Amino acid sequence: ISVRQLVEATYDYIDKTEGKVNAFITLNKEAALKQADALDEKGVDPDNLLSGIPLGIKDNIVTKGLKTTAASHILDNFMPVYNATVMDKLDALDTITVGKTNMDEFAMGGSTETSYFGKTHNPWNLDKVPGGSSGGSAAAVAAGEVIAALGTDTGGSIRQPAAFNGIFGIKPTYGRVSRWGLMAFGSSLDQIGVMSRTIKDSALVLNAISGHDEHDGTSAAADVPDFTAALNQDIKGLKIAVPKEYMDEGVDDDVVSAIKAAIATFEKLGATVEEVTLPYTKYAVPAYYIIASSEASSNLQRYDGIRYGFRAKDVNSLKSVYVRSRSEGFGDEVKRRIMLGSFSLSAGYYDAYFKKAAQVRTLVKRDFDQLFEKYDLVLGPTAPTSAFGLGEKITDPVTMYLNDILTIPANLAGIPAASVPAGFSKDGLPIGVQLMAKALDEATIFKAADAFE
Ligand code: GLN
């Protein structure tokens with residue numbers, strides 16, 4: 001078929017599906033069809049497997065000339081004048097940006113319920129959340145609207161929605177993929193990654209977007225291997241560690257059973273699996289929420305009603321432009337984080353909160369460094385539960401935050417981590433097994449995930 005036919009079929013299907021799922025904030029139909037025609041004219045390159053492939057892009061990644069909102073009222077009409085580095089890289093390979101996917105406002109959340117543009121529904125069960133914050137990307141892939149999507153992961157936002165939607169999702173090593181053009185939330189934690197139904201599609205897209213970028217001072221100057229070369233390999237002798245804290249109380253029985261079955265599969269494939277301990281796990285959530293919120297309170301200062309997006313009406317002084325635009329423009333969860341972050345960074349409290357959290361972070365990282373001297377991978381559940389109900393946790397932030405306990409450690413340590421589909425709960429909802437590797441060793445994750453699937 002022609003690229004035009006593929007793109008038209010994609011939008012026809014999206015038209016039928018979006019009424020139920022609401023995975024997209026903005027569709028890019030006109031430009032996508034134009035691009036498809038140009039590609040058909042030029043002829044797709046048979047050696048470039050991404051040429052003409054429809055992708056979803058999370059709406060906190062800036063796309064030149066295509067509205068980018070971070071799912072916030074404060075940016076609901078923001079038109080970027082430049083592309084994120086990842087977008088330039090994808091454009092160079094002729095992928096098609098189908099649209100911008102829904103998310104929690106500024107990526108703060110785990111259910112996509114804090115979006116200014118309405119909730120996304122989990123395609124497996126429309127009464128359940130798709131997870132978050134990259135819930136739109138995950139639901140778009142799971143519903144079959146796109147083949148793959150970009151997400152971002154600060155504390156689990158690629159892996160948890162991947163798990164809730166029964167798809168593959170990978171957060172690469174911090175620094176592997178440029179953050180230039182990603183609207184910053186927690187800059188020392190944020191990382192762009194990929195979600196798709198097949199592992200190979202994620203490997204292809206990660207190949208495309210990885211690599212050093214002079215625009216991002218934290219980008220890693222490391223060679224990027226071909227991640228597809230890790231597929232179809234033998235995993236005999238692979239050493240896997242399972243932290244006992246990851247299978248502890250708070251993790252649903254259904255999830256524990258699925259992970260035990262996954263462990264048995266890995267053993268059958270020739271891997272050795274051993275129980276280990278990561279004693280600082282329980283401190284990861286409080287440390288993360290202090291660090292992420294502190295960084296957010298600083299990063300979000302730029303939304304002042306002057307430079308971008310929404311400005312409150314009928315204001316009579318500069319101060320009231322700031323105060324009213326931010327009060328009206330940000331949602332409750334974003335305000336909560338800004339207040340928490342400003343508090344923990346303030347002079348009298350810095351030592352007790354931010355500094356302590358940074359110290360905990362070092363301990364969490366050290367725990368992993370020690371494990372990776374002996375093991376190739378750390379394995380556990382991606383999330384303690386399968387997808388929860390819409391409305392179930394949104395009124396109780398602490399319960400929502402605790403759902404991130406198993407994903408946050410990888411962000412604190414900066415290591416790569418992925419969620420791989422690993423069966424279903426008793427009520428038919430997908431469960432994900434999480435695989436973590438040492439920094440820059442995404443290839444081992446791809447190898448193990450592919451052998452497992
Ligand atoms: N749920 C976590 C939070 O709310 C993670 C978000 C993310 O990874 N962007 O901060």
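Residues numbered from 1 in each chain as written. Predicted model: local features only at pLDDT ≥ 70, side-chain atom pairs only at ≥ 80, totals over all residues. Heavy atoms only, no water.

**Some remarks on the overall build of the chain**
Reasoning step 1: Across its full length, the chain holds 14 helices and eleven strands.
Reasoning step 2: Taken over C-alpha atoms, the radius of gyration comes to 21 Å for the chain, in line with the 22 Å a tight globule of 453 residues would show.
Reasoning step 3: With the principal axes as the frame, the chain shows a C-alpha extent of 65 × 65 × 45 Å.
Reasoning step 4: Going through the 453 residues of the chain one by one, you find that 59% of them count as buried.
Reasoning step 5: Looking at the chain alone, contacts between residues at least 24 apart form 74% of all its contacts between residues at least 6 apart. (Helix = DSSP H or I, 4+ residues; strand = E, 2+ residues; numbered from the N terminus. Rg over C-alpha atoms; globule rule 2.2 N^0.38 Å. Buried < 20%, exposed > 50% of the residue type's maximum accessible area, 1.4 Å probe, protein only. Contact = heavy atoms within 4.5 Å.)

**A short note on the pattern of salt bridges**
Reasoning step 1: Evaluated as defined, the whole model comprises 15 salt bridges.
Reasoning step 2: Note that Arg 159 is salt-bridged to Asp 153, the shortest N-O span being 2.8 Å. Like Arg 159, the residue Asp 153 is buried in the burial classification.
Reasoning step 3: Residue Lys 438 is joined to Asp 441 by a salt bridge in which the shortest nitrogen-to-oxygen separation is 3.7 Å.
Reasoning step 4: Among the ionic contacts, a cluster of salt bridges with common partners joins Arg 4, Glu 8 and Asp 37. (Salt bridge = Lys/Arg side-chain N within 4 Å of Asp/Glu carboxyl O.)

**Remarks on unusual backbone geometry**
Reasoning step 1: The linkage connecting Gly 132 with the following residue, Ser 133, adopts the cis geometry, with an omega of 10°.
Reasoning step 2: Mapped onto the elements, Ser 133 comes out in the loop between β3 (96-101) and α4 (135-142).
Reasoning step 3: We note that Ala 70 has phi near 50°; this positive angle belongs to a residue other than glycine.
Reasoning step 4: Residue placement: Ala 70 occurs in the loop between β2 (54-58) and α3 (85-92).

**With respect to the layout of surface pockets**
Reasoning step 1: In this model, the largest pocket occupies a volume close to 340 Å³.
Reasoning step 2: Of the residues that constitute the lining of the largest pocket, the class distribution is ten nonpolar, two polar and three charged.
Reasoning step 3: One number sums up the size of the second largest pocket: a volume of about 290 Å³.
Reasoning step 4: Contributing to the lining of the second largest pocket are 15 residues, with Glu 249, Gly 250, Val 251, Leu 402 and Ile 405 lying nearest its centre.
Reasoning step 5: Elements with a minimum of two residues in the lining of the second largest pocket: α8 (281-299) and α12 (397-402).
Reasoning step 6: Of the residues assigned to the lining of the second largest pocket, the class counts are five nonpolar, five polar and five charged. (1 Å grid on protein atoms, 1.4 Å probe; cavity = no way out; pocket = protein on both sides within 12 Å on 5 of 7 lines; lining within 4 Å. Points joined across faces, edges and corners; volume = space filled by probe spheres on them. Nonpolar A, V, L, I, M, F, W, Y, C, P; charged D, E, K, R; others polar.)

**Quick word on the side chain of Thr 173**
Reasoning step 1: Within the secondary structure, Thr 173 sits in the loop between β5 (168-171) and β6 (192-196).
Reasoning step 2: The exposure class assigned to Thr 173 is buried, which follows from its relative accessible area of 4%.
Reasoning step 3: In this view, Thr 173 contacts Gln 191, Gly 414, Ile 415, Pro 416, Ala 439, Leu 440, Asp 441 and Glu 442; residues no more than four positions away in its chain are not counted.

**A look at the nonpolar core**
Reasoning step 1: Phe 106, Leu 150, Phe 266, Phe 368 and Phe 446 are the most contacted members of the largest nonpolar core, which totals 116 residues.
Reasoning step 2: Top element by residues in this core is α8. It accounts for nine residues.
Reasoning step 3: Apart from residues no more than four positions distant in its own chain, Phe 368 is found in contact with Tyr 246, Leu 278, Val 378, Pro 409, Ala 410, Ala 413, Ile 415 and Met 436.
Reasoning step 4: One finds Tyr 11, Val 21, Val 98 and Ala 139 within the second-largest nonpolar core, a separate group that totals 25 residues. (Core = buried A, V, L, I, M, F, W, Y, C linked by side-chain atoms within 4.5 Å.)

**Examining the packing of α8 against helix α10 (residues 332-345)**
Reasoning step 1: Running from N to C, α8 and α10 point in directions that differ by 100°, and their axes come no closer than 7 Å. Here α8 is positioned roughly perpendicular relative to α10, judged by the angle of their axes. Note on element contacts: α10 touches α8 through Arg 337, Ile 338, Leu 340, Gly 341, Ser 342, Ser 344 and Leu 345, opposite Tyr 289, Ile 290, Ser 293, Ser 294 and Ser 297. (Axes fitted to C-alpha atoms, helices over the stretch in contact; angles between N-to-C directions. Parallel < 35°, antiparallel > 145°, perpendicular 65-115°, else oblique.)

**Digging into the environment of Ile 25**
Reasoning step 1: Within the secondary structure, Ile 25 is located in strand β1 (residues 24-27).
Reasoning step 2: Overall, Ile 25 belongs to the buried group, its relative accessible area being 18%.
Reasoning step 3: As for Ile 25 and Thr 101, which are separated by 76 residues in sequence, their C-alpha atoms are 5.5 Å apart.
Reasoning step 4: Not counting residues within four places of it along the chain, the set of residues in contact with Ile 25 comprises Asp 59, Thr 69, Ala 71, Lys 100, Thr 101, Asn 102 and Phe 117.

**A word on the UniProt feature "active site" (unreviewed entry) in the chain**
Reasoning step 1: Per the UniProt record, "active site" (unreviewed entry) is annotated on Lys 58, Ser 133 and Ser 157. Look at the named residues: they lie 100 residues apart in sequence, but the longest C-alpha span between them is just 11.0 Å, so in the fold they bunch up. Put simply, the named residues that line the largest cavity are Ser 157.
Reasoning step 2: By relative accessible area, which is 0% here, Ser 133 ends up buried.
Reasoning step 3: When near neighbours in sequence (up to four residues on either side) are disregarded, Ser 133 contacts Lys 58, Asn 102, Met 103, Asp 104, Ala 107, Met 108, Gly 109, Gly 110, Thr 112, Thr 152 and Ser 157.
Reasoning step 4: Relative to the helices and strands, Ser 157 resides in the loop between β4 (148-152) and α5 (159-165). (UniProt positions renumbered as here; feature names shortened; annotations may be inferred.)

**Side note on the site of the ligand**
Reasoning step 1: Around the ligand there are 15 residues in total, and Thr 154, Gly 155, Ser 157, Tyr 288 and Arg 337 lie nearest to it.
Reasoning step 2: Between an oxygen atom of the ligand and a side-chain N or O atom of Ser 157, the distance comes to 2.6 Å.
Reasoning step 3: Taking Asp 404, its side chain carries an N or O atom lying 2.9 Å from a nitrogen atom of the ligand.
Reasoning step 4: Within the complex, 99% of the 290 Å² of free accessible area of the ligand lies under protein.
Reasoning step 5: When each cavity is represented as a set of grid points, the ligand is found to reside in the largest cavity.
Reasoning step 6: Within the shell around the ligand, the residues separate by chemical class into five nonpolar, seven polar and three charged. (Near = heavy atom within 4 Å. Polar contact = N/O pair within 3.5 Å; in protein donor to acceptor, adjacent residues only side chain to side chain. Areas by Shrake-Rupley, 256 points an atom, 1.4 Å probe, with all protein chains shown as cover. Sits in = over half its atoms within 2 Å of the grid points.)

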